[in-house]
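# Observations on chain architecture
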Amino acid sequence: MVSRVPFAPLTTDRLVLRPFTAADAEDFAERRSDPETAMYQAWRVPYSVERARDLIASMEGREGPIPGGWYQLDITRTADGRTVGDIAMYLHEHGHTAEIGYTLNPWARRRGYATEAAAAVLDLLVDVTGVHRIEASTHPANERSIAVLERLGFTAEGVRREAFWVEDEVSDDAMFGLLAREWRAHRTAMRL
Ligand SMILES: CC(C)(COP(=O)(O)OP(=O)(O)OC[C@H]1O[C@@H](n2cnc3c(N)ncnc32)[C@H](O)[C@@H]1OP(=O)(O)O)[C@@H](O)C(=O)NCCC(=O)NCCS
């Protein structure tokens, strides 16, 4: 069953994941405007503050992921209150499948934050939202992102050839999938 409940910030050992507010727009635009960060993403740099404000405004009033929409969360490090990055989830129209995507600030990488944040989002999607399957897709050369997905137990499901467009540029799209029952088993092994 797919359920909708008011969103409460997600907490992990080192992080808090909370919905974006208007105050996050500048920080979000700056992160997305870094050319290396944007290399395999769906936008071109620079990513304007206006665009960030529009995206945040489009989520206003939502109390969690809703079918047919992306829901973006800020990832804050509890120890010092610094934003380390963001993570988003998309719930398909029928509500049984979700997609995730994540970005860390360059200084915050290689410390396990993306895997930790994504694990919390998978818990939410499986235990609270009640999805059956979670998907993620990435450029086949995005090794860091693929490593995160593999750590989380996703299965590589193939590559959609020349399927990912950013303006007039196309690239292959590597598809990954994780079933709810696989996540329940995998997280137990991960957290032993
Ligand atoms: C994709 C991205 C989020 C991955 O970030 P990442 O830092 O590699 O992933 P994590 O935060 O999970 O960190 C994992 C690494 O931290 C290490 N690590 C260090 N301290 C750790 C700790 N205390 N706990 C867990 N892992 C730790 C892990 O060993 C791992 O390193 P390894 O891969 O060399 O073994 C990042 O590269 C990024 O933001 N890229 C640009 C945006 C992007 O491409 N997003 C994905 C689009 S599909």
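Residues numbered from 1 in each chain as written. Predicted model: local features only at pLDDT ≥ 70, side-chain atom pairs only at ≥ 80, totals over all residues. Heavy atoms only, no water.

## Overview of the pairing of strand β8 (residues 169-179)
Looking along a regular strand, one sees the side chains alternate between the two faces of the sheet. Defined as follows: The classification of residues rests on relative accessible area computed with a 1.4 Å probe and restricted to protein chains. Under 20% of the type maximum is buried, over 50% is exposed, and intermediate values are partly exposed. Put simply, DSSP marks the helices as runs of H or I at least four residues long and the strands as runs of E at least two long, and each gets a number from the N terminus on. Pairs of strands are assigned from DSSP output, requiring at least two bridges between the strands.
The buried fraction of β8 is high, at 8 of 11 residues. In the sheet, strand β6 (residues 133-138) pairs with β8 via 6 bridges, with the strands oriented antiparallel. Each bridged residue has a counterpart across the sheet, and for Ile 134 the counterpart in β8 is Leu 178. The pairing of strand β7 (residues 155-166) with β8 spans 8 bridges and is classified as antiparallel. Residue pairing in the sheet places Val 166 in a bridge with Glu 169 of β8.

## Side note on the nonpolar core
Our working definition: In this text, buried Ala, Val, Leu, Ile, Met, Phe, Trp, Tyr and Cys residues form a nonpolar core when linked through side-chain atoms within 4.5 Å. Working rule for contacts: check all heavy atoms of both residues, and any pair within 4.5 Å makes them a contact.
Ranked by internal contacts, the top residues of the largest apolar core, which has 40 residues, are Leu 17, Leu 73, Ile 87, Met 89, Ile 100, Val 121 and Phe 154. Excluding residues that lie within four positions of it along the chain, Met 89 makes contacts with Phe 7, Pro 65, Gly 69, Trp 70, Tyr 71, Leu 73, Glu 99, Ile 100, Val 121, Leu 124 and Leu 125. Phe 28, Trp 43, Ala 52 and Met 59 belong to the second largest nonpolar core, which has 10 residues in total.

## Let's talk about the site of the ligand
Here is the rule we go by: Only a single heavy atom is needed: when it lies within 4 Å of a molecule or strand, its residue is near that molecule or strand. Any N or O atom pair separated by 3.5 Å or less is treated as a polar contact, with the protein-specific requirement of one donor-capable and one acceptor-capable atom, and with residues adjacent in sequence counted only for side-chain atom pairs. Here the accessible surface of atoms and residues is derived via Shrake-Rupley with a 1.4 Å probe, and residues count as covered only by protein chains that are part of the display. Each residue gets one of three labels, nonpolar for Ala, Val, Leu, Ile, Met, Phe, Trp, Tyr, Cys and Pro, charged for Asp, Glu, Lys and Arg, and polar for the others, Gly among them.
Close to the ligand lie 20 residues; Tyr 102, Arg 110, Ala 114, Thr 115 and Arg 144 are nearest. In this structure, an oxygen atom belonging to the ligand sits 3.4 Å away from a side-chain N or O atom of Arg 109. Taking Arg 111, its main chain carries an N or O atom lying 3.2 Å from an oxygen atom of the ligand. Here the ligand, which alone exposes 970 Å², has 72% of that area covered by the protein. Those elements that place two or more of their residues in the shell around the ligand are β5 (97-104), α4 (113-129), β6 and α5 (143-151). By residue number, the principal contributor to the shell around the ligand is α5, which donates 4 residues. When grouped by side-chain class, the residues that make up the shell around the ligand number 5 nonpolar, 9 polar and 6 charged.

## Focus on the pattern of salt bridges
This is how it is decided: When a carboxyl oxygen of Asp or Glu is within 4 Å of a side-chain nitrogen of Lys or Arg, the pair counts as a salt bridge.
In this structure the tally under the stated criterion is 16 salt bridges. Residues Arg 14 and Glu 116 are paired through a salt bridge, measuring 2.8 Å at the closest nitrogen-oxygen approach. Of this pair, Arg 14 sits in the loop between β1 (10-11) and β2 (15-19) while Glu 116 sits in helix α4, and the two are 102 residues apart along the sequence. The class for Arg 14 is partly exposed, based on a relative accessible area of 32%. Glu 116 sits in the buried class, given a relative accessible area of 17%.

## Looking at the packing of aromatic side chains
Inclusion rule: In summary, the pairing rule links any two rings of Phe, Tyr or Trp, Trp by its six-membered ring, whose centres are within 6.5 Å, and it sorts them by plane angle into stacked for under 30 degrees, edge-to-face for over 60 and tilted for everything else.
Counted according to the given criterion, the structure contains 5 aromatic pairs. Between Trp 70 and Tyr 90, the ring centres sit 5.4 Å apart and the planes meet at 45 degrees, which makes this aromatic pair tilted. Here the residue Trp 70 occupies a position in strand β3 (residues 69-77), and Tyr 90 occupies one in strand β4 (residues 83-91), the gap between them amounting to 20 residues. Classification of Trp 70 by relative accessible area gives partly exposed; the value is 37%. Note on Tyr 90: relative accessible area 18%, which makes it buried. An aromatic cluster of at least three residues, connected via ring pairs, comprises Phe 20, Phe 28, Trp 43 and Tyr 47.

## Quick look at the side chain of Asp 173
Relative to the assigned elements, Asp 173 resides in strand β8. A residue is classified by how much of its surface remains accessible, and Asp 173, at 3% relative accessible area, is buried. Of the polar contacts made by the side chain of Asp 173, one reaches the side chain of Ser 137; its length is 3.3 Å.

## Details of the sheet that holds β8
Rule in force here: To get an axis, a line is fitted to the C-alpha atoms, and for a helix only the part in contact is used. The angle between two axes follows their N-to-C directions and goes from 0 to 180 degrees.
The mixed open sheet is built from 8 strands, whose spatial order is β1-β2-β3-β4-β5-β6-β8-β7. Looking at which strands have only one partner, the edges of the open sheet turn out to be β1 and β7. For β1 and β2, the ladder comprises 2 bridges, and the chain directions are antiparallel. For Thr 11, the partnering residue across the bridge sits in β2 and is Val 16. Along the sheet, α4 makes contact with β1, β2, β3, β4, β5, β6 and β8, crossing β4 at roughly 30 degrees.

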